[in-house]
Amino acid sequence: MQPNDPLLTVRGVTLQYKTPNHLITATYRVSFDVFQGDRFILLGPSGCGKSTLQKAVGGYITPTEGEMRLKGRKITQPGPDRMMVFQEFDQLLPWKTVRQNVAFALTASKKLSAREADEKAMDYVVKVGLEKFADSHPHMLSGGMKQRVAIARGMAMEPDILLMDEPFAALDALTRRRMQDELLRLWEETKFTVLFVTHSIAEAIKIGNRILLLSPHPGRVKAEMNSTTDPRKAAELERQIHEMLFAHEPDEVEHV
Amino acid sequence: MAEPGVPGTTADRPEIFHQDVSGGDLTITEQKLSWFETLYREAWLRKLVILVLLAGIWEIYGRALNNDLLFPTFTATISAFFSGLMDGTLPSAAWGSGKVLLMGYGLGIALASVLTALAIASRIGTDFLETMTSMFNPLPAIALLPLALIWFGLGNGSLIFVLVHSVTWAIALNTHSGFLGVSKTLKMVGRNYGLRGPAFIIKILIPAAFPSILTGLKIGWAFAWRTLIAAELVFGVSSGSGGLGWFIFENKNMLDIPKVFAGLLTVIIIGLVVENLIFRTIERLTIQRWGVQH
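All figures in this text were calculated on a predicted structure; none of them were measured in a lab. Within each chain, residues carry numbers counting from 1 in the order of the written sequence. Here chains are named by letter from A upward and ligands by number from 1 upward, in the order in which they appear as written. Where totals are concerned, whole chains, interfaces and linings use all residues; where local detail is concerned, this predicted model gives features only for residues with pLDDT of at least 70, and gives and counts side-chain atom pairs only at 80 or more.

### Comments concerning the overall build of chain A
Definition in use: Numbering of helices and strands runs from the N terminus, with a helix taken as a DSSP run of H or I at least four residues long and a strand as a DSSP run of E at least two residues long. We take the radius of gyration over the C-alpha atoms and set the globule estimate at 2.2 Å times the residue count to the 0.38 power. With C-beta atoms placed from the backbone, a residue counts as buried when 20 or more other C-beta atoms lie within 10 Å of its own, as exposed when 12 or fewer do, and as partly exposed for counts between those limits. Each residue gets a C-beta atom placed from its backbone, and two residues are in contact if those atoms lie within 7 Å.
Secondary structure assignment for chain A yields 7 helices and 10 strands. Here the C-alpha atoms of chain A give a radius of gyration of 18 Å, agreeing with the 18 Å that 2.2 N^0.38 yields for 256 residues. Based on the C-alpha atoms only, the size of chain A along its principal axes is roughly 55 × 45 × 40 Å. Within the span of chain A, comprising 256 residues, buried residues form 40% of the whole. Relative to all contacts within chain A whose residues are 6 or more apart in sequence, the contacts with residues 24 or more apart total 69%.

Next up, the structure:
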């Protein structure tokens, strides 16, 4: 792999899944590239297949057409080189403490020995500011804290790419804003690569450096654009994305 | 801008800010509960009171009836219990039953584990387990005893056979439904770590389904205990294995009814100890600590 080659390449991927009565096409011939250190956003309204697309990158769904390659290797099954951070609060193992949850990911995937894993787990628990809760079980934590543990777990694994599926969607607005800031701070520290799914335009602009815009039913690429940190340009970008997404529904107002 | 004094506007209402919010003259922030409330919160104490009341009713009824052959008093039962304890007949009978019970229970758990593992691994395994449980779970274990006696002869072999039958289906059924109930997210997390096969079952599915598995173990234990005592009673003279059922049967033949009651009491006490000490402790150390049951 050359230094300027993309980390993740998605080429003409069509994803379909079956419900009892229908065969549903979630995405149709989607292509994009994610480079090292990208904060790559999949943005679109519900039904555009952005979560399905991410699950496919995670290796849980096999494309019916096209292929996905991570560092040149074809993605065929789930693996610890692509750590997922889910939206649901029940993604932590309830029978393990915060620290054990992070350490278990490292030992279960045979990355580190038990002792090394424990030390590394503690480092990352401190990084997300939960050292006081290291020995608590997940049911004693708030929703925001649980998501922090999930992020610590994902980062401790040092995956090639971190896959985040609307990780802050189930949080209250104040906590969500704090978590977004924290994620950006963590990114400044380690410059990990993240593929982030969201349906909030504001979140996409704030978190991402590159945004893939998907249209619904089935999901097709509508645009791939750069984000900005300049507040005035951000407002302009937000308006532009909003127009592209809701061009046919002028009365609809998005609540962020 | 709305006119001051017009209803429905905020213009005439001042905005209020407080500097330092403290308790002020709020007097009670923490108060000790009264001794009665403190005691009433203890579950074991409440249960003890119920037991004492029941024993009292028993004693009064026994004395009023005044017929040791039909219904011995609580005190007569207790004294028979202690004399049985002292001369060693009750402990050896309990040990005789316990040994067989543990063997049957252990084998039942092993068989249930294999069946549920197969059910998780393949579609056909699931169908097999579902068919077997729907066929055999409603069949009382004791109904198989006559057959078992022909196949395995008189003795522990037949007892263990009916025990395994009574334990396996309850545990397999509960464990399997527990596995099916494990959240999709947790399963995806496990696969994300690269776990599959036996490692996935042991490290993710079993702990996640532990509440159901524990329920299965408890039900299996109760079934086994009941089946064993019933089977020993049916065995009657021929067994000579000397379990608790046999102890009860023998003393009934000798019309030593207080001893029959003492035998029953032993069965109850062992059941209580297993439920309240062993299973409760496991619950406290696992599912309660993990917050999956309160």
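On we go.
### What to know about the sheet that holds strand S9 (residues 210-215) of chain A
One key point about sheets: their strands pair by backbone hydrogen bonds, in either a parallel or an antiparallel sense. Residue and element names in this part refer to chain A. Which entries qualify depends on this criterion: Two strands pair if DSSP finds at least two bridges between them. Simply put, an axis is a line fit to the C-alpha atoms, just over the touching stretch for a helix, and the angle between two N-to-C directions goes from 0 to 180 degrees.
Taken in spatial order, the 6 strands of this open sheet run S6-S7-S8-S3-S9-S10, and their pairing is mixed. Across the chains shown, the open sheet's two edge strands, defined by having one partner strand only, are strand S6 (82-85) and strand S10 (220-226). Strand after strand, the sheet turns through a mean of 20 degrees between neighbouring axes, direction not considered. The pairing of S9 with S10 spans 6 bridges and is classified as antiparallel. Paired with Arg210 across the bridge in S10 is Asn226. Relative to S6, helix H4 (residues 143-156) is tilted by about 175 degrees, and along the sheet it contacts S6 and strand S7 (161-165).

### Examining the interface of chain B and chain A
A common way to state how big an interface is: give the accessible area lost once the parts meet. Let me state the cut-off plainly: Here the term charged refers only to Asp, Glu, Lys and Arg, the term nonpolar to Ala, Val, Leu, Ile, Met, Phe, Trp, Tyr, Cys and Pro, and the term polar to all other amino acids, Gly among them.
With 16 residues of chain B at the interface, the matching set in chain A holds 19 residues. Those elements that place two or more of their residues in the side of chain B that touches chain A are helix H8 (184-192) and helix H9 (198-208) of chain B. In terms of residue count, H8 of chain B provides more of the side of chain B that touches chain A than any other element does, 6 residues in total. Class assignment for the residues of the side of chain B that touches chain A results in 8 nonpolar, 5 polar and 3 charged.

### Some points on the confidence of the model for chain B
Rules: A residue's pLDDT is the predictor's confidence in that residue, given on a scale from 0 to 100.
Across chain B, pLDDT averages 85, with 91% of residues at or above 70. Scored by ipTM, the complex comes to 0.84, with pTM at 0.79.

### Some points on the pairing of strand S3 (residues 39-43) of chain A
Residue and element names in this part refer to chain A. With 5 of 5 residues buried, S3 lies mostly within the body of the structure. Of the two faces of S3, the one lined by Arg39, Ile41 and Leu43 and the one lined by Phe40 and Leu42 are each fully buried. Pairing between S3 and strand S8 (residues 194-198): 5 bridges, direction parallel. Each bridged residue has a counterpart across the sheet, and for Arg39 the counterpart in S8 is Val194.

### Some words on unusual backbone geometry
Residue and element names in this part refer to chain A. Looking along the chain, the bond that leaves His217 and enters Pro218 is cis, with omega of -15 degrees. Mapped onto the fold, Pro218 is located in the loop between S9 and S10. A positive phi angle, near 45 degrees, is found at Arg29, a position not held by glycine. Here Arg29 is to be found in strand S2 (residues 23-34). Judged by local crowding, Arg29 falls into the partly exposed class, with 14 C-beta atoms found within 10 Å.

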